[in-house]
Amino acid sequence: ALAHACEDPRVECLALRAPAADVHAVDASAIAAPTLIVQGLLDPAGTRERNLRIAAALPCEHKLLTVAGSGPRFQENGAFDVVLAETVDWFRRHLR
């Protein structure tokens, strides 16, 4: 999906959860659409570090959202609500 987003000019923005698997197949510097990357503070350290590297490689507007007190599934109290609100806001700001 991410590779397609890099090639399709109709893609206006992205919201990614644990994008590491997709990004290995795509050069992050090829992503032009504003990109939100979502992670939990309790995600494995390797995942968080990889997401930091991906965010640093993005040439486009981007945000790395780290949800405090949350693991990879956002099951903790209020965590999913934070992800939902931030993602909706991201799309509202970037979709025409």
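Our structure is the block above this text.
Residues numbered from 1 in each chain as written. Predicted model: local features only at pLDDT ≥ 70, side-chain atom pairs only at ≥ 80, totals over all residues. Heavy atoms only, no water.

Undergrad: Teacher, can you tell me more about a nonpolar patch on the surface here?
TA: Together, Phe-80, Leu-84 and Val-88 line one region of the surface with nonpolar side chains, adding up to about 260 Å² of accessible area. For Val-88, a relative accessible area of 32% translates into the label partly exposed. (Patch = residues over 30% accessible without salt bridge, like charges linked within 9 Å, V, L, I, M, F, W, Y side chains within 5 Å. Areas by Shrake-Rupley, 256 points an atom, 1.4 Å probe, with all protein chains shown as cover. Salt bridge = Lys/Arg side-chain N within 4 Å of Asp/Glu carboxyl O. Buried < 20%, exposed > 50% of the residue type's maximum accessible area, 1.4 Å probe, protein only.)

Undergrad: I keep staring at helix H4 (residues 79–94) and nothing clicks. Help me out?
TA: Side chains of residues three or four places apart in an α-helix project in the same direction, reflecting 3.6 residues per turn. In a regular helix each residue adds 1.5 Å, so 16 residues correspond to 22 Å; H4 covers 23 Å between its end C-alpha atoms and thus fits that length. The set of residues buried in H4 consists of Ala-79, Val-83, Thr-87, Trp-90 and His-94. Projected down its long axis, H4 shows its buried positions confined to an angular sector of 60°, all on one face. Opposite the buried face of H4, at more than 90 degrees from it, the exposed residues are Asp-81 and Arg-92. Against strand S1 (14–17), strand S2 (35–40) and strand S3 (62–67) lie the buried residues of H4. (Helix = DSSP H or I, 4+ residues; strand = E, 2+ residues; numbered from the N terminus. Expected span 1.5 Å × (residues − 1). Arc of directions from axis to C-beta. Contact = heavy atoms within 4.5 Å.)

Undergrad: Sorry, what's going on with the environment of Glu-12 here?
TA: Locating Glu-12 in the fold gives a position in the loop between helix H1 (2–7) and S1. Residue classification places Glu-12 among the partly exposed residues on the basis of a relative accessible area of 24%. If near-sequence neighbours (up to four positions away) are discounted, Glu-12 is found in contact with Ala-33, Pro-34, His-94, Leu-95 and Arg-96. Here the side chain of Glu-12 touches Arg-96 through a polar contact of 2.7 Å, landing on its backbone nitrogen. (Polar contact = N/O pair within 3.5 Å; in protein donor to acceptor, adjacent residues only side chain to side chain.)

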